[in-house]
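Now for the letters of each chain:
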Amino acid sequence: LAMLLSGKRSAMRALGAAALALALSGPCVDGWGAPTRIVPTRAAAPAMRSAVLLTTIEQPLPHLDRREQDGAEEIQEPGVEELAPFGGIDLDGFVLREGPPSFFWPMAPEPGSTKPVLLYLPGIEFTGYTISRQLSRLAPHYDVRIFRVSPHDRTAGTHLYRWVEVEIEQLAKAGRRVVLMGESFGGVLALDTVLRAAEQGTQDRITQLVLMNPATCMPATPWPQLASWIESLSPDAYAAIPLAISPLLANPLRLIDFKMGEPGLGPIKVMEGVAEELVAELELEDKGPFPELTAAVSQFAGQALAAVGRAAVLPGPAGWAEPEVVLERLVGLLPILGQLPNALPRSTLAFRVRELDAFAREVNGRDWSAARVPTLVISSSGDLVIPSAAAAREIQRRLLGTRVLTLEGAGHAPLLETDVDLLKILEEAAVLTQPRPKPRDYVGRQELANPELQAAVSQKTMLPIRRLVSPKFFSTTESGLRLPGLSGVPGLICPKTGKQRPILFVSNHQQIGVLDIPLLVEELMVSRKIFVRALAHPVAFGMPTGEPSDELSDQQLAAANKKPALTGVPSNSRGTFSKLPIAPPQRDSSRGGMFGDQIDIATFGAVPVSGRNFFRLLQRKEAVLLYPGGVTEAFKGRDQRYKLLWPEGENESDFMRLASKMNAIVVPVAGVGGDDVIHVADAEDLLKLPRIGDMLREFAATVPPGRPGELFVTPIVIPKIPIPRYYFVFGKPIDTATIDAGDVPANVAAYRQVKAELEKGLDWLLDKRQSDPYAGFVKRVAYEAAGNWTRQAPTFRI
């Protein structure tokens, strides 16, 4: 390494060849395999004749349109017209030597240009070098401005937005469209800028937000703990850091171009040539394995080329580069890595690592719900530095109008990779024409399930569930007569007036309650042609997402936006790379999924529970399904089987007052079967555990409550085997037309009447199921399977 950093060409060649051998010996999606042991014993012979090293420009890079701290002064430095193409500028040429943070144009803009402006906020080194390969493609379509910070600057991350804000303001005054793009550290800064603009009412100045591998997940990584260690390194040791960590940043094979301007040998011949070059250039301790090494590299050619990506797999018209050219191009990357300590000195890196940790925590802890800027998050599946894929999903979950694009196989610095085309990504994502995200309206949405979709879902998903639990349904007439089936359930049209009226179905929440909604919704649709709108917990819809206030209550919005994006890792106990918190797979957050998203409960009418949504549904005279017990009842303890845990006290009759106001028919619905579970640990038991209890409380605080005071801590339960049969009974309907909504005692009395009727139904089902001859799983399944599943097993007599 000392020879390499001193610039000796022979050492650079030898290390370049060894690096390529390492890459070819085992690159994979998850990391690097163990290389064959190769020991150089002499300097590489001067056999590489076609050097294709990056040209270094000696003079400092001109600063175009650099503004001082107050944003008032513009500096136009000489020599702009003579600026060389950016393919010839190395990392040193991008470093801001001194002065406050500033923007510059890497290429002179055309006079009177109206092209959109791409404001690029770089990663932790804050030079902008990583976008250099993209500039020639971007230049005809965008005026690119790069934000730079001097290595000697110690501005806090939370203050950097000031320069970005001034730049956006001046561009807006000039009528320019702005695409704000941030990468890694710059992604946190870009997000911070948008959130501040939303607070100030100036977010319309930003056309699109683009985040590439944003470091919002920094607090969940072990990197902040390494800041002190970085400061303790000797200068020589720190100089070797870029070479040591380069495989984490990107696969070297994705950084070089395998194509050339003259006819080549083809992929297999190239790899055979590379293997021969390795044998010729290096002396090995044991010369016996030379043929085997050559054959192994050749056999691995196809897999290695696949790792290189599109640029390597699809040669250009001129064919493939010669092996020596490929090796020289790889070696050409080494001087750039050697310049990194100059662009990011040891003390600066330690400062920025700490600053990024604090900055990410501050941004994650803010309220994101007001942001309305179309957002594209680009994440790399091969990012070994931060869990950027998880960060992307969390941003999509919290920021309205966010789309996520995954770059398969790319590393933490994808803009340097030969097969990543930023212009193509921006064009295909239509970043300049994306509309402002609008509030989602679950209540009034029109894309609800049609009969064909209902039949398809019933056949694909619900049919296996019905065969498993063989549910039986009963109903009760106004006179109290119990009937099999749902013939006793009132319809939406009042028989006396002929007008439509709302129906409120009120049910108990069972512990295996994931079956409650789909079974009840399907049976009401099939048997009574009633399309019921279930009020479900926001978690079922992928929330918190920063939904607008007409969909979530103010309390839910506050809970959805007050905690960090990645939770479960206390600040004083960060995880390791193998145990980073990973968010669940993200679906379209306007939908609510069940059973691996095979049932979209939003399409089947489900709505996030809130007082506003409840009122709007009743106001529209729809059928509504409500679980007053909410999460508290769903996560009940081992001694609370089939117990109603409804609100008590001052606000206990809230839903009855709304029902009375809308003259709704209230129908209690008792369900049995889902509470028959084996309790391993209740929520209270889990909360008492050291450390785990604190982590669960921290997570629960990020979940928007369905009702005030509930805590989203799931008990550990195991369904009983064999699976019990499910039973539902619809109780005696209660007409609220005669109840005055302002009469509190009357509404409390009606509330307790509904609760008593539901408890009566639970007791009736628990008693009667004892006499069901087909309650047992084996006998019931044998009976129904014998009839080719065309007949349901009978049950007890009423």
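Heads up: the structure comes first, above all this text.
Residues numbered from 1 in each chain as written. Predicted model: local features only at pLDDT ≥ 70, side-chain atom pairs only at ≥ 80, totals over all residues. Heavy atoms only, no water.

### Some details on the overall build of the protein chain
Counted only if it meets this: The way it works is that DSSP assigns letters per residue, a run of H or I at least four long becomes a helix, a run of E at least two long becomes a strand, and they are numbered from the N terminus. Type-normalised accessible area, obtained with a 1.4 Å probe on protein chains alone, sets the label of each residue: buried when under 20%, exposed when over 50%, and partly exposed for intermediate values. Here a residue-residue contact requires only that any non-hydrogen atoms of the pair lie within 4.5 Å.
Each helix and strand in the protein chain was counted, giving 26 helices and 22 strands. Taken over 798 residues, the protein chain has a buried fraction of 56%. Excluding contacts between residues fewer than 6 apart, the proportion of contacts in the protein chain whose partners are at least 24 apart in sequence is 84%.

### Considerations on the nonpolar core
Rule in force here: For the purposes of this section, nonpolar cores are sets of buried Ala, Val, Leu, Ile, Met, Phe, Trp, Tyr and Cys residues that join through side-chain atoms within 4.5 Å.
Core analysis: the biggest nonpolar cluster contains 71 residues, and L504, F505, F655, F730 and L765 have the highest contact counts within it. Here the element with the most residues in this core is helix 25 (residues 744-768); it accounts for seven residues. Leave out the neighbours within four places in its chain, and L765 touches F474, A670, V672, Y727, F728, V729 and F796. Residues V149, L191, V385 and A392 belong to the second largest nonpolar core, which totals 52 residues.

### Focus: the pattern of salt bridges
This is how it is decided: By definition here, a salt bridge exists when the distance from a side-chain nitrogen of Lys or Arg to a carboxyl oxygen of Asp or Glu is within 4 Å.
Within this structure, the stated rule accounts for 25 salt bridges. For the salt bridge of R366 with E362, the shortest nitrogen-to-oxygen distance reads 3.0 Å. With a relative accessible area of 11%, R366 lands in the buried category. Through salt bridges that share partners, D192, R196, E199, E362 and R366 make up one connected network.

### Section: the packing of aromatic side chains
This is how it is decided: Stacked, tilted and edge-to-face are the three classes applied to pairs of Phe, Tyr and Trp rings, where Trp contributes its six-membered ring and a pair requires centres within 6.5 Å; stacked means planes under 30 degrees apart, edge-to-face means over 60, and tilted covers the rest. Criterion for a charge above a ring: Lys NZ or Arg CZ within 6 Å of the ring centre, and within 35 degrees of the ring normal.
The final tally for this structure, using the stated rule, is 17 aromatic pairs. Their ring planes at 55 degrees and their centres at 5.8 Å tell us that W646 and Y751 sit as a pair that is tilted. Of this pair, W646 sits in the loop between helix 21 (630-634) and helix 22 (654-661) while Y751 sits in helix 25, and the two are 105 residues apart along the sequence. As far as burial versus exposure is concerned, W646 and Y751 are alike and both buried. Every member of this aromatic cluster is reached through a ring pair, and the members are F103, F126, F147, F185 and F359. Against the face of W368 rests R398, its NZ or CZ located 4.0 Å from the ring centre. Between the NZ or CZ atom of R791 and the centre of the ring of Y783, over which it lies, the distance is 4.4 Å.

### A look at the sheet that holds strand 7 (residues 208-212)
Our working definition: Being paired, for any two strands, means DSSP has found at least two bridges between them. Axis angles are defined between N-to-C directions and span 0 to 180 degrees, where every axis is a line fitted to C-alpha atoms and, for a helix, only to the segment in contact.
Sheet architecture is open: seven strands sit in the order 3-5-4-6-7-8-9, paired in mixed fashion. The sheet is open, and its two borders are formed by strand 3 (102-104) and strand 9 (402-407), each paired with just one other strand. Pairs of neighbouring strands in the sheet enclose a mean axial angle of 20 degrees, with direction left out of account. Both strand 6 (residues 178-183) and strand 7 contribute to a ladder of five bridges, which runs parallel. Residue pairing across strands places L180 opposite L209, the latter belonging to strand 7. The strands touched by helix 4 (residues 161-173) within the sheet are strand 3, strand 4 (117-121), strand 5 (143-148) and strand 6, with strand 4 carrying the most contacts at an inclination of about 180 degrees. Sitting on the sheet, helix 5 (residues 185-200) is in contact with strand 4, strand 5, strand 6 and strand 7, with an inclination near 140 degrees to strand 6.

### Looking at unusual backbone geometry
For the peptide bond that leads from I721 to P722, omega is 5 degrees, which places it in the cis range. Here P722 is to be found in the loop between strand 20 (716-719) and strand 21 (727-730). Located in the positive-phi region is F126, a residue other than glycine, with phi close to 55 degrees. Following the sequence through the fold, F126 ends up in the loop between strand 4 and helix 3 (135-138). Residue F126 is classed as buried on the basis of its relative accessible area, which comes to 2%. In this structure, A430 is a non-glycine residue whose phi angle is positive, near 50 degrees. Judged by its relative accessible area of 26%, A430 falls in the partly exposed class.

### Some details on the packing of helix 20 (residues 611-619) against helix 22
To be explicit about the condition: Under this scheme an angle from 65 to 115 degrees is roughly perpendicular, one under 35 degrees roughly parallel, and one over 145 degrees roughly antiparallel; angles in between are oblique. Left-handed describes a crossing whose near helix is turned anticlockwise from the far helix through less than a right angle; right-handed describes the clockwise counterpart. Put simply, Ala, Val, Leu, Ile, Met, Phe, Trp, Tyr, Cys and Pro go in the nonpolar bin, Asp, Glu, Lys and Arg in the charged bin, and everything else, Gly too, in the polar bin.
Remark: helix 20 packs on helix 22, axes separated minimally by 10 Å, with the N-to-C direction vectors making an angle of 25 degrees. With respect to helix 22, the axis of helix 20 lies roughly parallel. Considering the relative orientation of helix 20 and helix 22, their crossing is right-handed. For the pair helix 20 and helix 22, the contacting residues are F614, F615 and L618 in the first and F655, L658, A659 and K661 in the second. Its residues assigned to classes, the contact of helix 20 with helix 22 comprises six nonpolar, no polar and one charged.

### Some thoughts on the packing of helix 22 against helix 25
The angle between the axes and the distance between the axes are what describe a pair of packed helices. Look at helix 22 against helix 25: their axes get within 9 Å of each other, and the N-to-C directions meet at 110 degrees. It follows that helix 22 is roughly perpendicular to helix 25 by the angle criterion. Contacts from F655, M656, R657 and S660 of helix 22 reach helix 25 at N747, A750, Y751 and V754. Broken down by class, the residue content of the contact of helix 22 with helix 25 amounts to five nonpolar, two polar and one charged.

### What about helix 15 (residues 388-398)?
Among the eleven residues that make up helix 15, nine are buried, leaving the element largely enclosed by the rest of the structure. S388, A390, A391, A392, E394, I395, Q396, R397 and R398 are the residues of helix 15 that are buried.

### Notes on helix 5
Inclusion rule: One fewer than the residue count of a helix, multiplied by 1.5 Å, yields its expected span.
Compared with an ideal rise of 1.5 Å per residue, which puts 16 residues at 22 Å, helix 5 spans 23 Å between its outermost C-alpha atoms and is within 8% of the ideal. Once helix 5 ends, the next one or two residues include G201, with phi positive near 75 degrees.

### Thoughts on the side chain of E394
Heads up, the rule is: Counting of polar contacts relies on pairs of N or O atoms within 3.5 Å, with two restrictions inside protein: one atom must be capable of donating a hydrogen and the other of accepting it, and residues adjacent in sequence are counted only when both atoms are side-chain atoms.
Tracing the sequence through the fold places E394 in helix 15. In this structure the side chain of E394 is engaged in a polar contact, spanning 2.7 Å, whose partner is the side chain of R397.

### A few points about the environment of L463
Topologically, L463 is positioned in helix 17 (residues 451-469). Assessed through its relative accessible area of 25%, L463 is described here as partly exposed.

### Focus on the pairing of strand 5
A large share of strand 5 lies buried, amounting to six of its six residues. Of the two faces of strand 5, the one holding D143, R145 and F147 and the one holding V144, I146 and R148 are both buried throughout. As judged from the three bridges shared by strand 3 and strand 5, these two strands associate in the antiparallel manner. Its bridge partner being in strand 5, F103 is matched across the sheet by F147. Direction of pairing for strand 4 relative to strand 5: parallel, over a ladder of four bridges. Looking across to strand 5, one finds that L118 is bridged to V144.

### Looking at the pairing of strand 10 (residues 472-476)
In terms of burial, strand 10 is largely enclosed, as five of its five residues are buried. Because side chains alternate across strand 10, one face comprises the buried residues K472, F474 and T476, and the other comprises F473 and S475, equally buried. Where strand 10 meets strand 21, four bridges bridge the pair, whose relative direction is parallel. Pairing of F474 across the sheet is with V729, part of strand 21. The pairing of strand 10 with strand 11 (residues 482-484) spans three bridges and is antiparallel. Within strand 11, the residue paired with F474 across the bridge is P484. Taking the residues between adjacent antiparallel strands as the criterion, strand 10 and strand 11 are bridged by five residues, where G480 takes a positive phi near 95 degrees.

### Observations regarding the side chain of D153
What counts, and what does not: Charge assignment in this entry is limited to Lys and Arg as positive and Asp and Glu as negative, and neither His nor the chain termini are counted.
Tracing the chain through its elements places D153 in the loop between strand 5 and helix 4. Buried charged residue D153 carries no salt bridge. Nearest counter-charge: R352, at 6.1 Å. A polar contact is formed between the side chain of D153 and the side chain of T155, at a distance of 2.5 Å. With near-sequence residues (within four places) excluded, D153 lies in contact with G99, P100, P101, F351 and R352.

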